[in-house]
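# Inside the fold
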Amino acid sequence: MNLNFKLFAFFIVSISAYAQNICNEKAWLNTKLSLDERVALLTNCMSLDEKVSQLLNASDEISRLDIKSYNWWNEALHGVARGPKATIFPQAIGLAATFDRDLIHQVGSSISDEARAVNNYLVSTHSNSIQYMGLTFWSPNVNIFRDPRWGRGQETYGEDPYLTGQIGASFIHGMQGDDPTYLKTAACAKHFAVHSGPEADRHHFNAIVSQQDLYETYLPAFKTSVDAGVEAVMCAYNRTNDEACCGSPTLLQNILRKDWGFKGHVVSDCGAIRDFHSGHGITKTPEESAALALLSGTNLNCGETYKALPKAVEQGLVTEADIDKALKPLLKTRFKLGMFDDPKLNPYSKIPLEVIHSDKNIALAKKVAQKSVVLLKNDYVLPLSKAIKHLYISGPLAGDIRTLIGNYHGLSDNLVTLLEGVVGKVSPITRVEYRAGAMLNQPNQNNGDNYSRLAATADATIIALGLTVVMEGEENEAIGSSHKGDNITMELPKNQIEYLRKMRGDHKKPLIVVVFAGCPLDLTEVSELADAVIYAWYPGEQGGNAIADVIFGDVSPSGKLPLTFPKSITQLPAYEDYAMKGRTYKYMTQEPMYPFGYGLTYSNLQLSNLNIDKGKIKKKESQMVEVTVTNTGNDPMEDVLQLYVSLKGVKQNVPLASLKDFKRVTLAPKASLKVSFKLNPDAFDYIDTLGKSKRHQGEAVITIGNASPGKRSKDLGASSSEIKVVVQ
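Presented here is a report on the structure given in the accompanying data block. Note that the structure is predicted; figures quoted are calculated from it, not measured. (Residues numbered from 1 in each chain as written. Predicted model: local features only at pLDDT ≥ 70, side-chain atom pairs only at ≥ 80, totals over all residues. Heavy atoms only, no water.)

Let's shift gears to the overall build of the chain. When you go through the chain residue by residue, the secondary structure sums to 21 helices and 24 strands. At 27 Å, the chain has a C-alpha radius of gyration in line with the 27 Å of a compact globule built from 728 residues. Counting only C-alpha atoms and orienting by the principal axes, one finds that the chain spans roughly 110 × 60 × 50 Å. Taking all 728 residues of the chain together, 61% fall into the buried category. In the chain, the share of contacts with a sequence separation of at least 24, taken over all contacts with a separation of at least 6, comes to 76%. Here the chain displays about 28100 Å² of accessible surface, and carbon together with sulfur accounts for 51% of that area. (Helix = DSSP H or I, 4+ residues; strand = E, 2+ residues; numbered from the N terminus. Rg over C-alpha atoms; globule rule 2.2 N^0.38 Å. Buried < 20%, exposed > 50% of the residue type's maximum accessible area, 1.4 Å probe, protein only. Contact = heavy atoms within 4.5 Å. Areas by Shrake-Rupley, 256 points an atom, 1.4 Å probe, with all protein chains shown as cover.)

This brings us to the sheet that holds strand 3 (residues 188-192). Within a beta sheet, neighbouring strands are joined by backbone hydrogen bonds and run either parallel or antiparallel to one another. What the 3 strands build is an open sheet, ordered 3-5-8; its pairing is parallel. Each having just a single partner strand, strand 3 and strand 8 (265-268) make up the two edges of the open sheet. Neighbour-to-neighbour, the strand axes of the sheet open up by a mean angle of 25 degrees, direction not taken into account. Of the pairings in the sheet, the one linking strand 3 to strand 5 (residues 232-235) comprises 4 bridges and is parallel in character. Residue pairing for strand 5: phenylalanine 192 is matched across the bridge by cysteine 235. (Pairing = 2+ DSSP bridges. Axes fitted to C-alpha atoms, helices over the stretch in contact; angles between N-to-C directions.)

Counted according to the given criterion, the structure contains 3 disulfides. At a sulfur-sulfur separation of 2.2 Å, the disulfide partner of cysteine 235 is cysteine 246. Torsion about the S-S bond of the cysteine 235 and cysteine 246 cystine: about 105 degrees, corresponding to right-handed handedness. A residue pair is termed long-range when its members are at least 10 positions apart, and cysteine 235 in strand 5 and cysteine 246 in the loop between strand 7 (243-244) and helix 9 (249-259) qualify at 11 residues. On the accessibility criterion, cysteine 246 (1% relative accessible area) is buried. Through a disulfide, cysteine 270 is tied to cysteine 302; the S-S separation comes to 2.1 Å. In this structure the cystine formed by cysteine 270 and cysteine 302 twists about its S-S bond by roughly 80 degrees; its chirality is therefore right-handed. Residue cysteine 270 is located in the loop between strand 8 and helix 10 (275-280), and its partner cysteine 302 is located in the loop between helix 11 (286-296) and helix 12 (309-314); the two are separated by 32 residues in the primary sequence. Of the two residues, cysteine 270 and cysteine 302, neither departs from the other in class, the shared state being buried. (Disulfide = S-S within 2.5 Å.)

Turning next to the pairing of strand 19 (residues 658-667). With respect to burial, strand 19 is a largely interior element, 7 of its 10 residues being buried. Bridging between strand 18 (residues 637-647) and strand 19 involves 9 bridges; their strand directions are antiparallel. Residue methionine 637 lies in a different strand from strand 19, and its bridge partner there is leucine 667.

Before going further, it helps to spend a moment on helix 7 (residues 211-218). With 6 of its 8 residues buried, helix 7 lies for the most part within the structure. Turning to helix 7, its buried residues number three or more, namely Gln212, Asp213, Leu214, Glu216, Thr217 and Tyr218. Close packing links the buried residues of helix 7 with helix 6 (161-176), helix 8 (220-227), helix 20 (584-587), strand 19 and strand 21 (685-687).

You can see serine 556 is positioned in the loop between helix 19 (543-551) and helix 20. With relative accessibility at 15%, the residue serine 556 sits in the buried group. A distance of 3.1 Å separates the side chain of serine 556 from the backbone nitrogen of tyrosine 602, its partner in a polar contact. Not counting residues up to four positions away in its chain, the partners in contact with serine 556 are Thr601, Tyr602, Pro636 and Met637. (Polar contact = N/O pair within 3.5 Å; in protein donor to acceptor, adjacent residues only side chain to side chain.)

This model, assessed by the stated rule, comprises 39 salt bridges. Note that lysine 371 is salt-bridged to aspartate 100, the shortest N-O span being 3.5 Å. On the criterion of sequence distance, the pair formed by lysine 371 in helix 14 (residues 359-372) and aspartate 100 in the loop between helix 4 (92-97) and helix 5 (101-124) is long-range, its members being 271 residues apart. Residue class for lysine 371 comes out buried when judged on its relative accessible area of 13%. Residue aspartate 100 is classed as buried on the basis of its relative accessible area, which comes to 11%. (Salt bridge = Lys/Arg side-chain N within 4 Å of Asp/Glu carboxyl O.)

If you look at the biggest cluster of nonpolar residues, it comprises 113 residues, and the most contacted ones within it are Leu42, Leu55, Trp138, Phe192, Leu256, Tyr306 and Leu309. With 6 residues, the single largest contributor to this core is helix 13 (residues 320-336). Apart from the residues lying within four places of it in its own chain, the contact partners of leucine 55 are Leu294, Asn299, Leu300, Asn301, Tyr306, Leu309, Ile323, Ala326, Leu327 and Leu330. Core analysis: the second largest hydrophobic core is formed by 73 residues, Ile393, Val526, Ala532 and Val550 among them. (Core = buried A, V, L, I, M, F, W, Y, C linked by side-chain atoms within 4.5 Å.)

Before going further, it helps to examine the sheet that holds strand 18. Strands sit in the order 16-24-23-18-19 across an open sheet of 5 strands; the sheet is mixed. Strands with a single pairing partner mark the edges of an open sheet, and in this sheet they are strand 16 (616-617) and strand 19. In this structure, strand 16 lies alongside strand 24 (residues 720-727), joined through 2 bridges in parallel fashion. Bridge assignment links lysine 616 to a residue of strand 24, and that residue is valine 726.

Attention now moves to the packing of helix 6 against helix 8. Contact pair helix 6 / helix 8: the axes reach a minimum separation of 8 Å and the direction vectors enclose 25 degrees. Judged by the inter-axis angle, helix 6 sits roughly parallel to helix 8. In terms of crossing hand, the pair formed by helix 6 and helix 8 is right-handed. Of the residues in helix 8, those touching helix 6 at Pro161, Thr164, Gly165, Ala169 and Ile172 are Pro220, Ala221, Thr224 and Ser225. Considering only residue class, the contact of helix 6 with helix 8 consists of 5 nonpolar, 4 polar and no charged. (Parallel < 35°, antiparallel > 145°, perpendicular 65-115°, else oblique. Left-handed = near helix turned anticlockwise from the far one by under 90°. Nonpolar A, V, L, I, M, F, W, Y, C, P; charged D, E, K, R; others polar.)

Turning our attention to the packing of aromatic side chains. Applying the stated criterion across every chain, the model contains 18 aromatic pairs. When the centroid spacing of 6.4 Å and the interplanar angle of 75 degrees are considered together, the rings of phenylalanine 145 and tryptophan 150 count as edge-to-face. We classify tryptophan 150 as buried; its relative accessible area is 0%. A centroid spacing of 5.7 Å and a plane angle of 40 degrees characterise the contact between phenylalanine 205 and tyrosine 578, whose relative ring orientation is tilted. Here tyrosine 578 lies in the loop between helix 19 and helix 20 and phenylalanine 205 lies in the loop between strand 3 and strand 4 (206-207), a separation of 373 residues in the sequence. For the residue pair phenylalanine 205 and tyrosine 578, the accessibility class agrees, reading buried in each case. (Phe/Tyr/Trp six-rings, centres within 6.5 Å; stacked < 30°, edge-to-face > 60°.)

Tracing the sequence through the fold places aspartate 213 in helix 7. Placed 367 residues apart in sequence, aspartate 213 and methionine 580 show a C-alpha to C-alpha distance of 6.5 Å. Beyond its immediate chain neighbours, meaning those up to four positions away, aspartate 213 contacts Tyr218, Tyr578, Ala579 and Met580. For aspartate 213, the side chain forms a polar contact with the main-chain nitrogen of methionine 580, separated by 3.0 Å.

By themselves, these observations are geometric and do not establish any function.
See below:
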């Protein structure tokens with residue numbers, strides 16, 4: 001044995017001993033090192049099998065390295081879900097209906113407080129690996145609700161990319177906290193990308209979308225989430241333009257990481273990697289599927305397909321270095337959550353169990369529900385007097401808690417139905433009668449009807465109609481749906497409409513309809529028969545109290561529709577067609593039943609003196625737009641001002657109008673207020689057919705109003721003012 005070989009062997013042994021010493025000393029626990037250094041040290045001490053075990057949502061314990069078992073799967077769409085008792089806020093679509101960034105930030109912060117409190121207790125008892133009770137939450141859902149038939153649209157923030165991005169970013173900031181070192185919880189923007197049904201086809205569906213629609217509609221909310229610092233992104237089940245979303249170099253490498261600079265981790269939807277070979281047919285074996293997902297940029301497998309990665313290494317499909325690359329962002333997230341540090345260093349470790357379902361959070365749930373309720377029609381019957389002598393409450397959903405919770409819900413011991421809220425609001429001597437009157441979605445088995453006649457004798461009738469999570473929602477959750485949770489007719493159950501006809505009869509007494517649903521429904525006949533129509537979504541645990549506050553005038557309604565309500569299914573393109581033409585307020589040329597951004601108050605808003613800094617706008621110039629808002633009515637009001645831009649003379653298929661900003665305003669009777677908006681230089685950009693952002697040159701119209709621009713909004717009584725500008 002020559003000297004050089006002996007020196008080389010000694011060098012190798014020394015390096016190995018040094019590395020082993022680092023592992024034995026657990027140097028990654030040193031908080032003075034950078035996160036990247038700590039992650040690298042820990043990764044280098046793990047075997048291949050240990051590394052793979054950490055790429056699964058149910059990650060194993062590695063006791064020798066002080067890595068505790070952890071389940072990454074947790075839900076918090078509108079409150080901590082599927083775990084311990086928690087405050088239930090309105091479903092996500094209701095959160096969007098508030099058009100209130102600050103309020104949604106408070107919601108996210110309250111949810112993450114409750115999540116941290118639970119986890120802090122579990123950490124103290126060494127039992128913090130329980131599913132749905134961790135710190136990595138697969139929320140929010142920032143997919144675009146492009147079609148009313150999608151049962152999971154209730155989980156989203158509606159049809160508009162800007163609104164979705166703004167509400168999503170506020171939720172993310174609230175969930176993740178503002179500490180410079182630690183995350184309170186880790187949020188996740190899902191489902192990336194171009195994902196909105198059909199639910200029954202999601203495991204094999206190929207969403208074909210133009211580059212223009214991709215960058216104008218489907219991607220912006222995800223980009224805003226990344227800019228907001230979201231820690232994780234979930235890739236979708238389907239394919240987008242032939243590539244499986246969890247195996248898409250285009251989405252995960254080129255767009256998400258290269259173009260947007262995303263530094264967090266990507267998690268697959270549950271079972272999505274298995275779908276590569278079992279649904280999409282783009283691979284043949286679990287090893288090939290695992291390799292494709294890993295190399296494309298999916299870090300965490302919700303499911304078990306990544307268990308095939310050691311064999312994939314043996315087959316030469318991936319290398320251990322590829323696995324290291326996937327693992328490091330996951331470990332970094334756990335470090336940022338404080339999982340390897342003394343809890344005393346983490347400001348969020350002190351959040352106590354007392355915050356869970358606290359009076360403060362319950363009050364917030366009520367406030368959010370109040371602002372989410374949308375008044376669609378009011379023929380001068382609302383608000384009702386609390387001293388009303390005889391009130392009749394009816395409908396299959398008046399006393400049903402399922403109308404409150406939506407899907408991906410938590411549970412509490414304080415669910416207030418519409419029936420309970422109304423009864424709790426009226427005078428002690430008001431005569432209140434209640435009959436369900438109709439089944440949820442099937443004809444009454446007993447044809448006797450002694451109750452619809454009460455609507456003609458009562459001073460007013462409140463009837464609760466709509467859907468529940470049994471009828472719309474996710475693939476296997478909506479057990480009453482024959483289309484895997486989708487509502488492909490956009491209709492109320494026929495028996496509910498028939499009952500409403502009976503309730504209307506030929507009398508003139510006030511009939512108030514409260515609709516519970518997570519999607520737009522065909523309200524043509526409902527609007528004809530009812531004197532007032534309230535859309536309540538799934539309003540959370542305080543829904544009954546919040547709706548009663550609106551009905552009896554303690555709160556003036558201020559919710560706005562976060563999506564367009566077509567008159568019927570006949571106005572929509574084919575469900576499977578992902579082209580945006582004919583969809584949403586941006587591209588729909590037919591007159592809708594109720595437009596995006598619409599919602600009545602109990603007072604009247606007038607706009608005047610709309611002006612802008614300059615009538616000619618140069619490139620890279622920001623502009624201030626100002627308008628005077630006046631409450632001309634006799635009641636206090638809260639409303640949402642919305643600013644839209646319409647580009648004129650563009651030959652490409654640009655939107656008819658685009659929401660650029662929104663603000664809530666509160667006004668006393670007869671009071672006026674000047675409200676200003678800042679228009680950024682990119683407010684007049686558009687996406688061309690190649691998916692590239694272009695600067696518009698020519699005429700544009702700026703509209704400020706309390707609904708989206710259009711004849712239908714004006715016909716329904718919305719207020720607006722517009723000004724023309726020239727873009728240079």
